[in-house]
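Inside the fold
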Amino acid sequence: MGDQQHHWRNSEASREMDATVRYSLLGTVRATRGDTEIDVGPPKRLALLALLLLRAPGPLTLGEAVDILWDEEPPPSAVNVVHRHIGALRRTLEPELLSRSNAEHLVRAADGYRLLVDTSSSDLLRFRDLRAQAQLALRDGAPAEAAQDFVEALRLWRGPVVAAGTSVARHPVFTSVGHEFVATVKEAADAVLTAAPALTEEVLTVLRNALENHPFDEALHARAIAALAATGRQAEALRQFETIRGALAEELGVEPGPELRAAQQHLLQRQASRTPDAPPPPPAATGRPSQLPADCASFAGRRQPLSQCLELLPIEGESRPPTMTAAICGMAGVGKTTLAVHWAHLVADHFPDGQIHIDLQGHHPSRPPLDPAEAISEVLRTLAVEHDPARTSTAALTSLYRSALSGRRLLLVLDDAENCEQVRPLLPAAPGCVAVVTSRRRLEGLAVTDDARIITLEPMTRAEGLELLDRRLGTDRIRAEHTAAEEIVELCGGLPLALAVTAARALVQPRFPLASLAARLQDADDCLDALCCHDDRTDARNSFHRSYEALSSSAARLFRLLSLHPSRDIGMPAAASIAGTDPRRTRQDMAELMDHHLLVELTAGRYTCHELLRTYARELSAVLDSPTVRSEALARMFEHYLYSADAATAHLAPHRGTVLLPPPRPGVRPQRFRGRADAAEWIVAEQYLLPELVRSIEDHPQDETLHRRLTSALEMCFQPANS
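Being a predicted model, the structure only gives us computed values, none of them experimental.

Before going further, it helps to examine the side chain of Thr166. Here Thr166 is to be found in the loop between helix H6 (143–154) and helix H7 (172–195). The residues contacting Thr166, other than those within four sequence positions of it, are Val29 and Leu46.

What follows is the structure, given as structure tokens:
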């Protein structure tokens, strides 16, 4: 009997161990095996599980885990703490696991970890799958089927707060999922009111739950009023309208927007008719624009600029954010539009009157930049504001535009601006609307005149680049060729466009190892061809060319000649010498290159250029600059460093002999030093470049005398610096 009982207990334990582990994130965080809840462990481990679930089926990088799990500056041991919690989670989820290499729940991913779940084991993935099914049913003309799927998706939510009770629940990455809940509630209400009246009471309950956390969301109130009216509770619906109208006036100082007013109008018409009309059309039918392009499914990283964008939203209870405009600026291919659209999707529910996307065509491959009056007219048409652009002056159009935006809460995504003047007439002037501008230009003028927040988007870090490749190619492929993946990120300079093109090539050629793609990128003469594709909008060379075409002839010439410099970073006097222009002209040209993000000021007085841009500039110079022009520019560069090194030696070792030099050729602007400290600082800044110059000049046999002088001066220069 004892043996039988022991066998029975072992069988039960085995069955329990084999039961599927299911995870809940929509509300409190839970993991269950069969009918038994798993004790995950301390709060930090529970928060880590929430993060893994949030990112699944994609990876959670170590960098993101550390950033989110520690509100303040993370301790030096943070990465080790995450590793320990991962190990403990793995043992909890698979108690009988002998080797982590055989793990079936929690596995290593590129620079992080991945929780292996699908729609059957994750409530978040199941919710998103049902919502996608419902949206597809709507597009296929089956609103009743869509209503069922929407409501089933909402039944998965055990509370309106994602990861409720954990230390990370208020972090933007979790609150953004809460926005998905609110958006789905609105979609469900529209479908139910249109085609599934039997579900009205259930959707009304969900609307009220959503309003507890979003009391000023007019779109939610409008749908709640419509649902009350559809169930015959007109008096309660009117009270709901009066309550929200009073709250908006008292708390925010605004009147109800068009969507809420439309819901009230339907209600009054229903009362006046005194007949059991069919349910009113859903509020979405009132013309609320929703023009955002599709979000990027493989969006990765960018946590800091996303956080900066989130600061545009007003704090709870405030009607006006600190600024109403953000300008996301950066070089071609750095991912400005992707970031702006991703952020816009995250916060769309904060703008109940809609989201408008305008392509300003500042650097379009085939169309000229959009005139501001055309852009204004496009917005007015979207908002159904009657006007005749042919007969209306620009000033009158602008006035009409300001009036149309007043009292609304709209999100404007003004994509690919040519310059500040193109954007200014489109910026919102009254609280409630927010504009996000993207541009290859710096747009500093908007910060001066419109208090815009300028967000300069840098190339991706190594971790972000690996995350992007992981999302596009899958963890297995990145894990199998991790070194080659890291090399690709490095060779692409963290540029999202280049990484996306390379990933697309890897997907098209799945049997080609990543190392072969990395090898092509290593070849300076072939790397831009490796990033070439037959699509003007995604071809790296064409994308760079559209920035180059916008330059003045003087700045374009400097851009080309700077590619002759052996190093990516350069000082202003050296740039002036290569160009052979006076310092004032060079400063103006350098400023123009920085304005177009073809050059970046690393530290005061020192400038750098992205390696792919340098490759493009070398190609241009080889075609557009004559051999004589290039040879003279190189000679001026060598002489610049020769005379600068000689001047530094005079400060650092005045007692030593110096090389007697004839006057420099015209156009050479040697570095001037204020004293020993200034000279020593220059030596440190150029310590890797100067020996490289000696090697470079050997390729120019006609400059044998210059080579001898430069070598001698450098020996003098480095002796005092190293002694």
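Our focus in this paragraph is the packing of aromatic side chains. A full pass over the atoms with the stated rule returns eight aromatic pairs. For the pair Trp157 and Phe181, a centre-to-centre distance of 4.7 Å together with 40° between the ring planes defines the contact as tilted. Taken together, the residues span a long stretch of sequence, with Trp157 in the loop between H6 and H7 and Phe181 in helix H7 at a distance of 24 residues. Pair check on accessibility: Trp157 and Phe181 agree, each one buried.

All right, on to the sheet that holds strand S10 (residues 434–439) then. Across the sheet, which stays open at both edges, the five strands sit in the order S8-S9-S10-S7-S11 with parallel pairing between neighbours. Looking at the sheet topology across the chains shown, the edges are occupied by strand S8 (355–359) and strand S11 (453–456). For this sheet, the mean inter-axis angle between neighbouring strands, taken without regard to orientation, is 15°.

Further remarks concern the pattern of salt bridges. This structure, assessed with the given rule, holds 37 salt bridges. Here Glu218 ties to Arg409 by a salt bridge, and the two come within 2.7 Å at their closest N and O atoms. Remark: Arg409 occurs in the loop between helix H15 (394–405) and strand S9 (411–417) and Glu218 occurs in helix H9 (residues 218–230); sequence separation between them is 191 residues. Arg409 carries the same exposure label as Glu218, and that label is buried. The salt bridge involving Arg424 is made with Asp450; its shortest N-O contact spans 3.7 Å.

Our next topic: empty space enclosed by the protein. Taken as a whole and judged by the stated rule, the model has three cavities of 30 Å³ or more. One number sums up the size of the largest cavity: a volume of about 90 Å³. Lining of the largest cavity is provided by Phe559, Leu562, Ser563, His565, Ser567, Arg568, Ile570, Leu599, Tyr607, Cys609, Arg614 and Ala617. Only helix H25 (553–562) and helix H28 (611–624) provide two or more residues apiece to the lining of the largest cavity. Tallied by class, the residues present in the lining of the largest cavity amount to seven nonpolar, three polar and two charged.

With that out of the way, let us pick up helix H14 (residues 372–382). When H14 is considered as a whole, its buried residues turn out to be Ala373, Ala375, Ile376, Ser377, Val379, Leu380 and Thr382. For H14, the secondary structure elements touched by its buried residues are S8 and H15. Measuring from the backbone nitrogen of Ala373 back to the side-chain oxygen at the start of H14 gives 2.9 Å, which picks out Asp371 as the cap. Ala384 sits one or two positions beyond H14 and adopts a positive phi of about 60°.

So, on to the sheet that holds strand S12 (residues 569–571). Spatially, the three strands line up as an open sheet ordered S12-S14-S13, and their pairing is antiparallel. Both edges of this open sheet fall to S12 and strand S13 (600–603), since each of them pairs with a single strand only. Pairwise comparison of adjacent strand axes, ignoring direction, gives a mean angle of 40° for this sheet. Alignment of S12 against strand S14 (residues 606–608), held across three bridges, turns out to be antiparallel. Its bridge partner lying in S14, Ile570 is registered against Tyr607.

Note that the residue after Ala56, namely Pro57, is joined by a cis bond; omega there is 5°. Locating Pro57 in the fold gives a position in the loop between helix H2 (43–55) and strand S4 (60–61). Phi at Gln361 takes a positive value of approximately 60°, unusual for a residue other than glycine. Along the chain, Gln361 falls in the loop between S8 and H14. Positive phi is not limited to glycine here, since Ala384 has a value of about 60°. Within the secondary structure, Ala384 sits in the loop between H14 and H15.

The rules we used
Residues numbered from 1 in each chain as written. Predicted model: local features only at pLDDT ≥ 70, side-chain atom pairs only at ≥ 80, totals over all residues. Heavy atoms only, no water. Helix = DSSP H or I, 4+ residues; strand = E, 2+ residues; numbered from the N terminus. Contact = heavy atoms within 4.5 Å. Phe/Tyr/Trp six-rings, centres within 6.5 Å; stacked < 30°, edge-to-face > 60°. Buried < 20%, exposed > 50% of the residue type's maximum accessible area, 1.4 Å probe, protein only. Pairing = 2+ DSSP bridges. Axes fitted to C-alpha atoms, helices over the stretch in contact; angles between N-to-C directions. Salt bridge = Lys/Arg side-chain N within 4 Å of Asp/Glu carboxyl O. 1 Å grid on protein atoms, 1.4 Å probe; cavity = no way out; pocket = protein on both sides within 12 Å on 5 of 7 lines; lining within 4 Å. Points joined across faces, edges and corners; volume = space filled by probe spheres on them. Nonpolar A, V, L, I, M, F, W, Y, C, P; charged D, E, K, R; others polar. Polar contact = N/O pair within 3.5 Å; in protein donor to acceptor, adjacent residues only side chain to side chain.

Fair warning: the whole summary comes from geometry, so function is off the table for now.
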